[in-house]
Amino acid sequence: MTQTMRAAVVTAEGVKVQPVAIPAPGPEEVLVRVRAATLNRADLGVAAGGSHGSMGGAGTILGLDFAGEVAAIGSGVTGVAVGDRVTCSGAGGYAEYAIADAERVQKVPDRNLSWEEAATLPVALATMHDAIVSNGRVAKGESVMILGASSGVGIMGMQIAKFMGASLVIGTSTDATRRAKLKEFGADVAVNTRDADWADQVLKATDGRGVNLVIDQISAATINAAMRCTAILGRIVNVGRLGGGKGEFDFDTHATRRISYIGVTHRTRSPAEIRAEYAAMRRDLWPAVEQGRFSIPIDKIFPLDAVVEALAHMKANRHFGKIVLSV
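Here we summarise the structure given alongside this text. Predicted model only: the values in this text are computed from it and were never measured. (Residues numbered from 1 in each chain as written. Predicted model: local features only at pLDDT ≥ 70, side-chain atom pairs only at ≥ 80, totals over all residues. Heavy atoms only, no water.)

What about the overall build of the protein chain?
Stated precisely, the cut-off is as follows: Numbered from the N terminus, helices here are DSSP runs of H or I no shorter than four residues, and strands are runs of E no shorter than two. Our radius of gyration looks at C-alpha atoms and nothing else; its globule reference is 2.2 Å times the residue count to the power 0.38. The rule is simple: take the accessible area with a 1.4 Å probe, protein chains only, and divide by the maximum for that residue type; under 20% is buried, over 50% is exposed, in between is partly exposed. Contact between two residues is taken to exist if any of their heavy atoms lie within 4.5 Å; hydrogens are not considered. Note on areas: Shrake-Rupley, 1.4 Å probe, and residue coverage restricted to the protein chains presented here. Positive charges come from Lys and Arg alone, negative charges from Asp and Glu alone, with His and the N- and C-terminal ends not counted. Just so you know, the charge point we use is NZ for Lys, CZ for Arg, CG for Asp and CD for Glu.
The secondary structure content of the protein chain amounts to ten helices and 17 strands. The C-alpha atoms of the protein chain give a radius of gyration of 20 Å, which matches the 20 Å a tight globule of 327 residues would have. Its C-alpha atoms put the protein chain at 70 × 40 × 35 Å along the principal axes. Sorting the 327 residues of the protein chain into buried and exposed places 52% on the buried side. In the protein chain, the proportion of contacts linking residues at least 24 apart, taken out of those at least 6 apart, comes to 68%. Carbon and sulfur atoms form 49% of the exposed surface of the protein chain, whose accessible area is close to 14,000 Å². One way to put it: in the protein chain the 35 positive side-chain charges average out to a point 3 Å from where the 33 negative ones average out.

Rendered as structure tokens:
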């Protein structure tokens, strides 16, 4: 008899928690008994019937990062054993069991981390290390601006920028309460992009030079002002498009300031590329993770059965930090 588990599944009638078969790990995979999973913005699109890379469509189990105990390992897996506490990224994390590629599995640091705290780490660490270090090429002493800094990945990005030696970190949020909290997580300056003069505020904070690196999670709504306050020969890494995927683009400002504009996504990366991304993150950041240098506040914890309410909470965009499912 096939063993089953509870999972949050995309159906024609919306997301429902229902029984499905427990997956079996392949040779280079790990099966995890999930204890907590976190919500990511990509989950909203998949829940609404869209796709995210190979994920999407009826029958998809939501969830990109999760933490729990190793329940089984593939024949080629080394470095983890059944019973280990791990935090990982993969697919199908909104479930009692989930599969992760072995190279995207990290042992939970040997300190007093809850399952919920451990589950906040993988995607945020890998995404922002990839944006700030691998693609953004941040150097010690440079200035960094995170557009959309009150999201979980934004909060992690500010901490990574500081850790990698940024001399000035600017975070943006349109919510006054969330903006006031940014300095607790690495921001030297917090800016409201709804202010008509927000780009001038950034220029003032950088003595007129502009920021060396912009991590843009907003895009269309802010791109032209962001370019105006990017330093000559600065870089903009486009991570997200919360403000719109299409819009006006000031090509003259882009050319005049000689900005390198870089787009990143996981949707078109091969498994080997994603493995390399996680290896680079672990190389640069995991010792600091083990020391407790990085954290993301947990906005709210929902039980798995309340996944629809959790997704609605994310869609309302009033949270600060991570939304977590307890499984």
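The discussion continues.
Considerations on the packing of aromatic side chains
For clarity, the threshold we go by: Two rings from Phe, Tyr or Trp (for Trp, the six-membered ring) form a pair when their centres are within 6.5 Å of each other. A pair whose planes differ by under 30 degrees is stacked, one over 60 is edge-to-face, and the rest are tilted.
Inspection of every chain in the model, using the stated rule, returns four aromatic pairs. Pairing Phe-163 with Phe-294 gives two aromatic rings, centres 5.4 Å apart and planes at 75°, and the pair type is edge-to-face. Taken together, the positions of Phe-163 in helix α4 (residues 152-163) and Phe-294 in the loop between α9 (271-290) and β16 (298-303) put the pair 131 residues apart, joining distant regions of the chain. Pairwise contacts between aromatic rings join Phe-249, Phe-251 and Tyr-261 into one cluster.

Comments concerning the pattern of salt bridges
What counts here: Salt bridges are defined by distance alone: a side-chain nitrogen of Lys or Arg within 4 Å of a carboxyl oxygen of Asp or Glu.
All chains considered together, the criterion is met by 16 salt bridges. A salt bridge links Asp-305 to Arg-6, with the nearest nitrogen and oxygen atoms 2.7 Å apart. With Asp-305 in the loop between β16 and α10 (307-315) and Arg-6 in strand β1 (residues 4-11), this pair connects stretches of sequence that are 299 residues apart. Residue class for Asp-305 comes out exposed when judged on its relative accessible area of 57%.

Notes on the sheet that holds strand β11 (residues 168-172)
What counts here: Any two strands are treated as partners once DSSP identifies two or more bridges connecting them. For helices, the fitted axis covers only the stretch in contact; all axes are lines through C-alpha atoms, and the angles between them, taken along N-to-C directions, range from 0 to 180 degrees.
On the basis of which strands lie adjacent, the open sheet formed by six strands has the order β12-β11-β10-β13-β14-β15 and parallel pairing. Edge positions in the sheet fall to β12 (189-191) and β15 (260-263), since each has one partner strand and no second. Between one strand axis and the next, the sheet turns by 15° as a mean value, whatever way the strands run. The pairing of strand β10 (residues 143-147) with β11 spans four bridges and is parallel. Each bridged residue has a counterpart across the sheet, and for Val-144 the counterpart in β11 is Val-169. Strand contacts of helix α3 (residues 122-135): β10, β13 (211-216), β14 (230-238) and β15, with the helix running at about 150° to β13, the strand carrying the most contacts.

Some words on α9
Where we set the bar: We define the bend at any residue as the angle between the axes fitted to the seven residues before and including it, ending there, and the seven starting there.
The largest bend in α9 amounts to roughly 50° and is located at Asp-284, with the proline Pro-287 lying one to four residues further along. Those residues of α9 that are buried are in contact with β7 (85-89), β9 (105-107), α3 and α4. Within two residues after α9, Gly-292 carries a phi angle of roughly 80°, on the positive side.

Observations concerning the side chain of Thr-222
With respect to the secondary-structure elements, Thr-222 resides in the loop between β13 and α7 (223-228). Assessed through its relative accessible area of 5%, Thr-222 is described here as buried. Among residues more than four places away in sequence, those in contact with Thr-222 are Leu-147, Thr-193, Trp-198 and Asp-216.

Some details on the side chain of His-319
Here His-319 is to be found in the loop between α10 and β17 (322-326). Those residues within four positions of His-319 in sequence are excluded, and the remaining contacts are Arg-41, Ser-150, Arg-178, Asp-299, His-313 and Met-314.

What to know about unusual backbone geometry
The backbone of Arg-137 shows a phi angle near 50°, a positive value even though the residue is not glycine. Counting through the fold element by element, Arg-137 comes out in the loop between α3 and β10.

On their own, these measurements won't tell you what the molecule is for.
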